[in-house]
Amino acid sequence: MNQVMQLYPLPGGEWPLQGLYLGHDLRQYGGAGGRPFVYSNFVTSLDGRIAVAHPTRPGLMVPKQIANERDWRLFQELAVQADVIITSGRYLRDYADGRAQEILDIYEDPRFADLGEWRVARGLRPQPDLAVISGSLRFPIPPALTAGGRNVVIFTVAEAEPARIEALEAQAGKVIVAGERMVDGKQLVQRLAEMGYGTVFSGTGPKVLHLLLAAGVLDRLYVTYANRLLGGLSYATLVEGELLEPAVGMRLNTLYYDPYGLEGLGQLFVSYDRAEGSA
Ligand SMILES: NC(=O)c1ccc[n+]([C@@H]2O[C@H](COP(=O)([O-])OP(=O)(O)OC[C@H]3O[C@@H](n4cnc5c(N)ncnc54)[C@H](OP(=O)(O)O)[C@@H]3O)[C@@H](O)[C@H]2O)c1
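A short tour of the structure in this document, coming up. (Residues numbered from 1 in each chain as written. Predicted model: local features only at pLDDT ≥ 70, side-chain atom pairs only at ≥ 80, totals over all residues. Heavy atoms only, no water.)

### Looking at the packing of aromatic side chains
Applied cut-off: For Phe, Tyr and Trp, where Trp contributes only its six-membered ring, two rings pair if their centres lie within 6.5 Å, and the inter-plane angle classes them as stacked under 30 degrees, edge-to-face over 60, or tilted in between. Working rule: Lys NZ or Arg CZ, within 6 Å of ring centre, within 35 degrees of ring normal, means a charge sits over the ring.
Applying the stated criterion across every chain, the model contains eight aromatic pairs. Positioned above the aromatic ring of Tyr 235 is the side chain of Arg 49, whose terminal nitrogen or guanidinium carbon lies 3.6 Å from the ring centre.

Structure below.
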């Protein structure tokens with residue numbers, strides 16, 4: 001039950017799910033070439049839905065038909081390798097009303113205690129720091145955000161309300177303007193590099209993925225293809241924003257088949273590297 005099959009690169013083989021993405025050893029790439037290694041992760045249905053309409057409240061949520069424990073374990077194995085996790089104003093608004101998946105305070109959960117120990121064994125701080133991207137700056141600061149001495153840095157735009165910037169600086173951490181009307185991916189990653197971050201994990205959604213792709217700063221994309229089709233009229237997909245010109249080429253890095261996920265329906269765990277010279 002714990003095994004997944006490696007289908008690429010060949011020759012493949014069987015691996016335990018637990019430890020699969022820790023084995024990718026992302027920290028080896030951090031800081032290489034003078035800038036951080038930036039990676040992101042999504043779980044999607046076969047018809048490309050990463051979020052669908054919430055049944056009772058405005059806005060979207062990760063579809064419960066595709067969210068699953070095995071994918072969540074791998075998400076956490078990616079997150080634990082980061083110096084800093086990118087999240088968004090939207091995430092903190094959803095967190096405040098109790099509908100967001102927990103990413104702020106994870107290693108207290110006995111299922112992920114080994115990951116907390118993984119950080120400690122490497123001399124890392126107990127939790128990755130957080131970079132919040134928000135144009136509106138309209139989000140509350142949950143206590144978990146700053147717990148345990150974790151650093152929080154907020155990236156916003158030139159037109160953000162000065163009073164809100166002041167309030168957040170007093171409450172949470174540094175606020176950095178990194179763009180006029182939209183946070184710019186190049187400025188974002190440049191500032192994170194200056195702060196000494198080597199591995200940067202974006203755990204947020206399609207607009208942030210777009211800004212990372214448009215700026216040519218995303219190095220690796222992890223996608224879980226859950227073997228379900230969802231339909232629906234209101235949904236989000238991997239990337240949201242203007243047409244990317246040129247299109248961003250991605251090269252297959254790894255492909256695993258998980259026959260046990262989703263009550264035996266199965267799923268694919270795939271990772272891609274940005275092709276050299278793309279974007
Ligand atoms: N299936 C999956 O793997 C997966 C992964 C991630 C997210 N999701 C889902 O997808 C949906 C959308 O995710 P999301 O809202 O976190 O992601 P998002 O669409 O990337 O970002 C949303 C928020 O980030 C800020 N933002 C994004 N780009 C910006 C820019 N260029 N400049 C300034 N601010 C910017 C905005 O905050 P302000 O509104 O505060 O200005 C915006 O509301 C959610 O339902 C989420 O649950 C699914």
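Here the narrative resumes.
### A closer look at the sheet that holds strand 8 (residues 152-156)
Let me state the cut-off plainly: Strand pairing is assigned whenever DSSP identifies at least 2 bridges connecting the two strands. Elements are defined by DSSP. Helices are runs of H or I of four residues or more, strands are runs of E of two residues or more, and each kind is numbered from the N terminus. Angles shown run from 0 to 180 degrees and are taken between the N-to-C directions of axes, each axis being a line fitted to C-alpha atoms and, for helices, limited to the stretch in contact. Contacts: residue pairs with any heavy atoms within 4.5 Å of one another.
The 11 strands are arranged 2-1-13-14-11-3-10-6-7-8-9 in an open sheet whose pairing can be described as mixed. Whereas interior strands pair on both sides, the edge strands pair on one side only; in this sheet they are strand 2 (13-16) and strand 9 (174-177). Sheet twist, expressed as the average angle between the axes of neighbouring strands with direction ignored, equals 25°. With four bridges joining them, strand 1 (residues 3-8) and strand 2 adopt antiparallel strand pairing. By the bridge assignment for strand 2, Gln 3 is matched with Pro 16. Packing of helix 6 (residues 185-194) onto the sheet brings it into contact with strand 3 (37-45), strand 6 (84-88), strand 7 (129-133), strand 8, strand 9 and strand 10 (199-202), and relative to strand 8 it is tilted by some 155°. Of the strands in this sheet, strand 3, strand 6, strand 7, strand 10 and strand 11 (220-226) touch helix 7 (residues 206-214), which is tilted by about 140° from strand 3.

### Some details on the pattern of salt bridges
Heads up, the condition is: Note on definitions: salt bridges are taken to be side-chain nitrogens of Lys or Arg within 4 Å of carboxyl oxygens of Asp or Glu.
Taken as a whole, this structure holds 16 salt bridges when the rule is applied. Across the pair Arg 73 and Glu 77 runs a salt bridge, and its minimum N-O distance is 2.8 Å. You can see Arg 73 and its partner Glu 77 sitting in helix 1 (residues 69-79), four residues apart, about one turn around the helix. The shortest N-O distance in the salt bridge between Asp 114 and Arg 73 comes to 2.8 Å. In this pair, Asp 114 is assigned in helix 3 (residues 113-121) and Arg 73 in helix 1, connecting sequence segments 41 residues apart.

### Side note on the site of the ligand
So the rule is basically this: Proximity is defined per residue: any heavy atom of the residue falling within 4 Å of a molecule or strand makes that residue near it. Any N or O atom pair separated by 3.5 Å or less is treated as a polar contact, with the protein-specific requirement of one donor-capable and one acceptor-capable atom, and with residues adjacent in sequence counted only for side-chain atom pairs. Note on areas: Shrake-Rupley, 1.4 Å probe, and residue coverage restricted to the protein chains presented here.
Neighbouring residues of the ligand: 24 residues in total, closest Arg 90, Arg 93, Ser 134, Thr 204 and Val 208. Between the ligand and Ile 50, the relevant distance is 2.9 Å, taken from a nitrogen atom to a main-chain nitrogen or oxygen of the residue. Ser 88 is positioned such that a nitrogen or oxygen atom in its side chain is 3.3 Å from an oxygen atom of the ligand. In isolation the ligand has 900 Å² of accessible area, and contact with the protein removes 87% of it. For the shell around the ligand, the elements supplying multiple residues, two or more each, are strand 3, strand 5 (60-61), helix 2 (89-96) and helix 7. The element contributing the most residues to the shell around the ligand is helix 7, with four residues.

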